[in-house]
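For reference, the chains in residue letters:
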Protein chains: 2
Amino acid sequence: MKFNRLYIILGLVSGVSTSTISAKESAPKTTPVTQVMPSWNAAKSKAEILKFIENVSEEGGEHYVKPGDRIAVFDNDGTLWAEQPVYFQAMYTLDRVRKMAPQHPDWKDKEPFKSVLAGDDNKALAQGEPALIEMVKATHSGMTTEEFSASVRQWIHTAKHPTSGKLLKQMVYQPMLEVLEVLRNNDFKTYIVSGGGIDFMRVFTEEVYGIPPEQVIGSSIEVKFEMRAGVPVIVREPKIGFIDDKEGKPIGIHTHIGKRPIAAFGNSDGDLQMLQWTAAGKGPSLCVYVHHTDAEREWAYDRDSHIGKLDKGLDEAKAKGWTVIDMKAEWKTIFPEK
Amino acid sequence: MKFNRLYIILGLVSGVSTSTISAKESAPKTTPVTQVMPSWNAAKSKAEILKFIENVSEEGGEHYVKPGDRIAVFDNDGTLWAEQPVYFQAMYTLDRVRKMAPQHPDWKDKEPFKSVLAGDDNKALAQGEPALIEMVKATHSGMTTEEFSASVRQWIHTAKHPTSGKLLKQMVYQPMLEVLEVLRNNDFKTYIVSGGGIDFMRVFTEEVYGIPPEQVIGSSIEVKFEMRAGVPVIVREPKIGFIDDKEGKPIGIHTHIGKRPIAAFGNSDGDLQMLQWTAAGKGPSLCVYVHHTDAEREWAYDRDSHIGKLDKGLDEAKAKGWTVIDMKAEWKTIFPEK
């Protein structure tokens, strides 16, 4: 580690910890940097993130960005919470297939449903994305938006991870919760921009990440408005609408926010266009990849992974000097203690 | 006017003005109600709006709504600014046709462009909605999102109304600006939900209404993400995407906010489904129609109007006891003084 100016400013070099990062624009800037992002080792990524926040928050400074334009976007699966061995929403989908099976006797003889009902989830998932989409369409539609939310709400409070045994909602990354916090304390508006279902995520993002429904962008199925006995409802249709992945991410950001983010966090090639879009803004920007390097405490995967493949993105991050978080080396803890 | 409890509570009866409405949850509740919404006469609509705000803001009260759920949605054309003799965005569209004509020699012989270029806007507009959509597709696409915003930005600062001679952006309703203000001062998040173009409105809503781009919902054309010489751009396509009108409004709200509003303001049958959706929430709700009754200072139109038709909505508002603002009787001023 070089003892350059950056480290000294941020007090990240042992014995030099006088610098501060503001807790809130309006509040006195008194939180010592050593107390900010405590689950992070005092290494490169933490320093780069804090330096960026300091730069854009410094009124009169050359990199100053006014609070309303401090938009930070985060991928969800693999960036804010784990995504192995399958996306957690796939687990919900499989559970829904089992729960809805009595109303669909034909599923017993029809793949991929057949495999799920025979107890072989892996065989169902091995049929690839089209099979998963088939199950999503069948299990995420044919109900009102309120009925769907109620179903997810019930599920997320009890669903557990197949290998860790933890509640899925506890498999969020503590260091990333701390990034969300320091950004919000410095007047950033934090958004999720995920390939996952927008209505699926919205049920729990406020509780889990402090991100309200209106700051969640994701994939969606089509919906229609109708009156049922004089009561208006929004009904979910078995048709894929918007896919918020790859080229879809900048489009989702444009549609929902109408501003270009100045900070973007992802973990896979599916996030690359979002990072490119962020990096191409006129002012300062921060592009960050979470690199899964910790086979012991989490998972280690990148270029050849089926889920969360990080190949082109890793090359581009290195070429452009983006921040790449080495999970194993830089995160003191991965998941929240309790 | 009946001297009922409501008027007395709000201090709206002459000589009784001791009651207050909170300026901000966290601030002392010291703004006298007579200073709130000063462009309104002390009549029914003002009282109903303030009473609702007071109810949902009263901690521990039976109608209390926590700040994060205080979502208020506003139609734009005819609700926040004027919409006669044609929607203002149609004026932009016609100006664009004239400006882009040199690059489109075929327009000279092709309706509705032909009429516009021959100086007969009315003849072009008389060709109806399909003709207007044809012009919108031709003039709002084939450029990046940034180029489009720049075009609207330039236009909105100089475009004037054909009969009043005012800048269009000054033809906003002063009384509605005051409603936006009192809602925001009481921790409401204010959104625009309009049939107008989302990217058109976003250029000026922050300056004109104090509503940032991420709180604007509207109709859109399709866009695509692409790299141009290594620079990512979002390009507008000549295809209509989402229409944020009638049944589209609750869907736009669901997609962008993911919460049901508790207050909705409109002026036409195109807003009816948005008001129905708001009214059908579990807690308290406020549904308001702006009724154009002032032929002298603004325009008077409702059941038979081509633009801003208010027919079914007026019946439903009366049947359900929604607030109907009588513009002529209730608004002291219509447009801002300067």
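Cut-offs applied
Going along each chain's sequence as written, the residues are numbered from 1 onward. The naming scheme follows written order: chains are lettered A onward, ligands numbered 1 onward. Note on the predicted model: pLDDT of at least 70 is required for a residue's local features to be given, and 80 or more for side-chain atom pairs to be given and counted; whole-chain, interface and lining totals, by contrast, use all residues. Excluded from the side-chain calculation are hydrogens and water; included are all heavy atoms of the structure. Pairing between two strands requires that DSSP report at least two bridges joining them. The numbering of helices and of strands both runs from the N terminus, where a helix is a DSSP run of H or I of at least 4 residues and a strand a run of E of at least 2. Here an angle of 0 to 180 degrees is reported between the N-to-C directions of two axes, which are lines fitted to C-alpha atoms, with helices fitted over the stretch in contact. Here, two residues are considered to be in contact whenever any of their heavy atoms come within 4.5 Å of each other. The span one expects for a helix is its residue count, reduced by one, times 1.5 Å. Salt bridges are counted wherever a side-chain nitrogen of Lys or Arg sits within 4 Å of a carboxyl oxygen of Asp or Glu. Categorising residues by exposure relies on relative accessible area from a 1.4 Å probe, with only protein chains included: less than 20% of the type maximum marks a residue as buried, more than 50% marks it as exposed, and the intermediate range marks it as partly exposed.

A. Broad picture of the sheet that holds strand 9 (residues 286-291) of chain B. All names here are of chain B. Across the sheet, six strands lie side by side as 5-4-3-8-9-10; this open sheet has parallel pairing. The open sheet has two edge strands, strand 5 (216-219) and strand 10 (323-326), and neither has a second partner. Along the sheet, successive strands turn relative to each other by an average axial angle of 20 degrees, direction set aside. With three bridges joining them, strand 4 (residues 189-197) and strand 5 adopt parallel strand pairing. Considered in strand 5, the bridge of Val193 is made with Ile217. Across the sheet, helix 2 (residues 44-57) touches strand 8 (263-266), strand 9 and strand 10, and the angle it forms with strand 10 is around 140 degrees.

B. Up close: helix 7 (residues 145-156) of chain A. For helix 7 of chain A, spanning 12 residues, the distance from its first C-alpha to its last is 16 Å, which sits close to the expected 16 Å at 1.5 Å a residue. Residues of helix 7 of chain A that are buried sit in contact with helix 3 (88-100), helix 9 (198-201) and strand 5 (231-240) of chain A together with helix 11 (248-256) and helix 12 (272-279) of chain B.

C. Representation of the pattern of salt bridges within the structure. Here the structure, examined in full by the defined rule, presents 43 salt bridges over all chains. Where Glu214 of chain B meets Lys259 of chain A, a salt bridge forms, and the shortest distance between an N and an O atom there is 3.0 Å. Taken together, the positions of Glu214 of chain B in the loop between helix 10 (205-209) and strand 5 and Lys259 of chain A in the loop between helix 11 (248-256) and strand 6 (263-266) put the pair across two chains. Across this residue pair, the class does not change: Glu214 of chain B and Lys259 of chain A are buried. A cluster of three or more residues bridged by salt bridges with shared partners is formed by Lys224, Glu226, Arg228 and Glu237 of chain A.

D. A look at unusual backbone geometry. Cis geometry marks the peptide bond from Gln84 of chain A to Pro85 of chain A, where omega comes out at -5 degrees. Here Pro85 of chain A lies in the loop between strand 1 (71-74) and helix 3. We note that Asp187 of chain A has phi near 70 degrees; this positive angle belongs to a residue other than glycine. Of note, Asp187 of chain A is situated in the loop between helix 8 (174-185) and strand 2 (189-197). The class of Asp187 of chain A is partly exposed, set by a relative accessible area of 22%. You will see that Lys246 of chain B, though not glycine, has its phi angle at about 50 degrees, which is positive. Topologically, Lys246 of chain B is positioned in the loop between strand 7 (231-240) and helix 11. You can call Lys246 of chain B partly exposed: its relative accessible area is 40%.

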